[in-house]
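Single-letter residue listing:
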Amino acid sequence: REGDMIRWRSEGWARTKVGPYGLPGWQPNGAAERLVLWGDSQVEGLCVNDDEKIGHQLVSMAQQDLKRTIECIPFGRSGTDSIDWMNQLAVVDQHWRPALHVWIVAELSDLQCLAAGEQASRT
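Residues numbered from 1 in each chain as written. Predicted model: local features only at pLDDT ≥ 70, side-chain atom pairs only at ≥ 80, totals over all residues. Heavy atoms only, no water.

Caption draft 1: A look at the nonpolar core. Leu23, Trp26, Val36, Trp38, Ile73, Phe75, Trp85, Leu89, Val92 and Trp96 together form the largest nonpolar core, which totals 10 residues. Not counting chain neighbours up to four residues away, the residues in contact with Leu89 comprise Trp38 and His101. Listed in part, the 6 residues of the second largest apolar core include Leu35, Ala62, Ile70 and Cys72. (Core = buried A, V, L, I, M, F, W, Y, C linked by side-chain atoms within 4.5 Å. Buried < 20%, exposed > 50% of the residue type's maximum accessible area, 1.4 Å probe, protein only. Contact = heavy atoms within 4.5 Å.)

Printed below as a string of structure tokens:
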């Protein structure tokens with residue numbers, strides 16, 4: 001639930017605050033320019049504190065290096081791959097209207113599933 005604190009201990013003792021829509025670590029900043037960050041457990045980042053998550057790091061880097069305020073919405077879930085991300089793009093575009101989608105690919109198998117045969121069997 002939004003506002004809950006998760007204390008993950010699988011690979012450490014990280015704390016994650018659940019943001020809107022159940023997205024771990026996302027605390028909206030109201031920026032007009034949005035990017036959606038897709039990936040698996042690396043994007044979800046339950047093993048690191050919120051300020052160490054990839055999304056937060058991108059927001060911080062944009063502010064420091066580019067002098068731009070961006071919103072980085074993390075759609076990372078352990079075990080997901082590009083088929084899962086593709087199936088959600090239209091809904092995310094409609095709801096958040098992001099300027100950019102970024103896929104964090106940790107393993108090539110995250111992309112290999114886009115092969116026509118596998119895509120047809122999973123959808």
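Caption draft 2: Local environment of the packing of aromatic side chains. This structure, assessed with the given rule, holds 5 aromatic pairs. Between Tyr21 and Trp96, the aromatic rings sit 5.1 Å apart at their centres with planes inclined by 85 degrees, giving edge-to-face as the arrangement. Here Tyr21, found in the loop between strand S2 (14-17) and strand S3 (33-39), pairs with Trp96, found in helix H3 (residues 82-96); they are 75 residues apart in sequence, far enough to count as distant. Classification of Tyr21 as exposed rests on a relative accessible area of 57%. (Phe/Tyr/Trp six-rings, centres within 6.5 Å; stacked < 30°, edge-to-face > 60°. Helix = DSSP H or I, 4+ residues; strand = E, 2+ residues; numbered from the N terminus.)

Caption draft 3: Quick peek at a nonpolar patch on the surface. On the surface, a cluster of nonpolar side chains totalling about 250 Å² of accessible area is made up of Val105, Leu108 and Leu111. Mapped onto the fold, Leu111 is located in helix H4 (residues 109-112). (Patch = residues over 30% accessible without salt bridge, like charges linked within 9 Å, V, L, I, M, F, W, Y side chains within 5 Å. Areas by Shrake-Rupley, 256 points an atom, 1.4 Å probe, with all protein chains shown as cover. Salt bridge = Lys/Arg side-chain N within 4 Å of Asp/Glu carboxyl O.)

Caption draft 4: Inspection of H3 at higher detail. For H3, with 15 residues, the first-to-last C-alpha span of 19 Å sits near the 21 Å given by 1.5 Å per residue. Maximum bend of H3: about 40 degrees, positioned at Leu89. Listing the buried residues of H3 in full gives Ser82, Ile83, Trp85, Leu89, Val92 and Trp96. Immediately beyond the C-terminal end of H3, within one or two residues, lies Arg97, with a positive phi of roughly 50 degrees. (Expected span 1.5 Å × (residues − 1). Bend = angle between axes of the 7 residues up to and from the residue.)

Keep in mind that these numbers describe shape and distance, not what the molecule does.
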